[in-house]
Amino acid sequence: MIRPNWTTIIQLINTETSTWDRDLVYYLVDESTADRIFAIPISGSGQKDRLVWKHEGSGEYSVKSGYRALNTDYLRDSTYRSSFGEDYKVFYNTLWSLNILGKIKIHISTLVNNLVPHFGNLARRTFCAAVSCPLCKEELEDSDHLLWYCSILQRVWALLTVQIPSFEDSVGHILRFVKMFSAADEQQKQIIVISIWSLWFHRNKLVHEGANFSMQEMLGFIRGYVHNICLNFMSLCSSPRPLIKEIWRPPDPGVIKLNFDASFLKEEKLAVTAVLARNFTGKIVGAETYLFNDVTDAFVAEARACKRALIFASRMYFRRLVVEGDSLTEISYLAVTRLINEAAYTLALEGRRRNIYGDWLTGVPESVQLAALQDRLAWDRRS
Ligand SMILES: [Zn+2]
């Protein structure tokens with residue numbers, strides 16, 4: 001039997017129909033991999049391949065963008081998928097939602113993923129001989145040490161009465177840290193991450209500037225920081241903020257506004273996307289729903305909806321347009337809240353319910369009309 005070399009993607013594609021060769025893909029890989037492959041849309045336009053950097057809308061790579069991607073999204077996602085499981089998911093969710101500076105969150109996340117340039121990591125890359133922690137001088141400086149073991153950190157936690165749960169010996173230090181953090185209340189969480197960040201801050205001051213380390217100073221620094229957060233929080237709560245109700249805003253005359261949305265059915269791997277086009281009076285001038293198969297997650301569903309919106313716009317010869325969707329992920333368009341996007345959302349649901357995919361040439365259902373009318377009335381009534 002002659003086995004061809006599977007070296008290029010084109011071998012998995014029926015070029016005539018621009019579809020995946022499903023039998024062949026199932027033959028080569030397991031089912032879940034196959035599903036992920038089928039979820040990749042194939043371009044029908046026959047464009048040449050080019051390298052793109054997916055973290056930027058422009059597709060251009062820059063060191064800055066790479067650094068940001070490494071520090072945030074990629075690490076979050078890859079750690080989710082890794083064997084650490086649920087503990088880490090909870091940890092990251094609470095870390096990112098904590099009311100604290102982004103740079104501190106990034107430092108913690110980088111440390112948990114062992115990507116901080118401490119002496120242990122530098123030694124591994126032979127930039128220096130392994131060196132002990134400059135603060136306590138007791139152990140090799142590595143992520144375990146900076147997150148947990150450093151006696152200075154432990155003393156800080158004891159002095160600031162951070163609750164440390166008891167762990168079985170088998171639990172690793174990073175997991176201990178993750179569990180302790182997740183179990184702590186909001187203020188303890190702040191103290192924990194600020195103390196770790198401040199340990200690294202004072203360590204750098206010592207290493208790079210030769211600044212003397214003082215325990216008192218570090219404690220003052222952490223206390224001051226937590227105090228400031230409280231003050232900011234209180235002033236936010238006490239100052240009466242004008243309540244601005246968000247409403248859908250019609251486009252300027254001559255411009256068409258497209259609202260899009262996707263309804264994602266996880267089990268069936270289906271996504272129904274909807275695009276609703278309205279003019280400056282709020283009148284519906286076009287509507288489309290579209291059914292996608294092999295969609296793996298809600299993010300992909302939203303991206304597909306966004307793409308449909310643009311294809312729809314070019315098909316309808318809308319030359320001047322604004323596009324709005326409500327996905328919170330990083331697709332480059334104007335993100336709005338679900339409230340504003342109600343009409344497109346309703347259209348996606350109606351398309352799904354009635355199994356109608358395509359242009360709604362004879363008009364949209366009453367529920368969508370109603371949502372659009374409400375948008376218009378809200379705009380007229382705005383004060
Ligand atoms: Zn130390």
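Residues numbered from 1 in each chain as written. Predicted model: local features only at pLDDT ≥ 70, side-chain atom pairs only at ≥ 80, totals over all residues.

**Describing the packing of helix α5 (residues 102–112) against helix α10 (residues 186–209)**
Running from N to C, α5 and α10 cross one another at 80°; their axes reach a closest spacing of 9 Å. Considered as vectors, α5 and α10 are oriented roughly perpendicular to each other. Between α5 and α10, the residues in contact are I104, H107, I108 and L111 and V193, I194, I196, W197 and W200, respectively. Of the residues contributing to the contact of α5 with α10, the split by class is eight nonpolar, one polar and no charged. (Axes fitted to C-alpha atoms, helices over the stretch in contact; angles between N-to-C directions. Helix = DSSP H or I, 4+ residues; strand = E, 2+ residues; numbered from the N terminus. Parallel < 35°, antiparallel > 145°, perpendicular 65-115°, else oblique. Contact = placed C-beta atoms within 7 Å. Nonpolar A, V, L, I, M, F, W, Y, C, P; charged D, E, K, R; others polar.)

**Here we look at unusual backbone geometry**
Only a minority of non-glycine residues have a phi that is not negative, and only a minority of peptide bonds are not trans. Phi at K269 is positive, roughly 55°, even though this residue is not glycine. In this structure, K269 sits in the loop between β3 (256–265) and β4 (270–278). Residue K269 is classed as partly exposed on the basis of its 18 C-beta neighbours within 10 Å. Residues other than glycine seldom take positive phi values, yet N355 does so here, at roughly 60°. Counting through the fold element by element, N355 comes out in the loop between α13 (342–354) and β8 (358–359). The class for N355 is exposed, based on 9 C-beta atoms found within 10 Å. (Buried ≥ 20, exposed ≤ 12 C-beta atoms within 10 Å, placed from the backbone.)

**Observations regarding the confidence of the model for the protein**
Of the residues in the protein, 86% reach a pLDDT of 70 or more, and the chain-wide mean stands at 81. Element-level mean pLDDT values for the protein span from 56 in strand β7 (residues 334–335) up to 93 in helix α8 (residues 151–159). Low pLDDT, under 50, characterises residues 239–243; the stretch is placed with zero contacts to residues that sit more than four places away or in other chains. Confidence drops under a pLDDT of 50 for residues 328–332, and excluding neighbours within four residues, the segment shows seven contacts in the predicted structure. (pLDDT = per-residue confidence, 0-100.)

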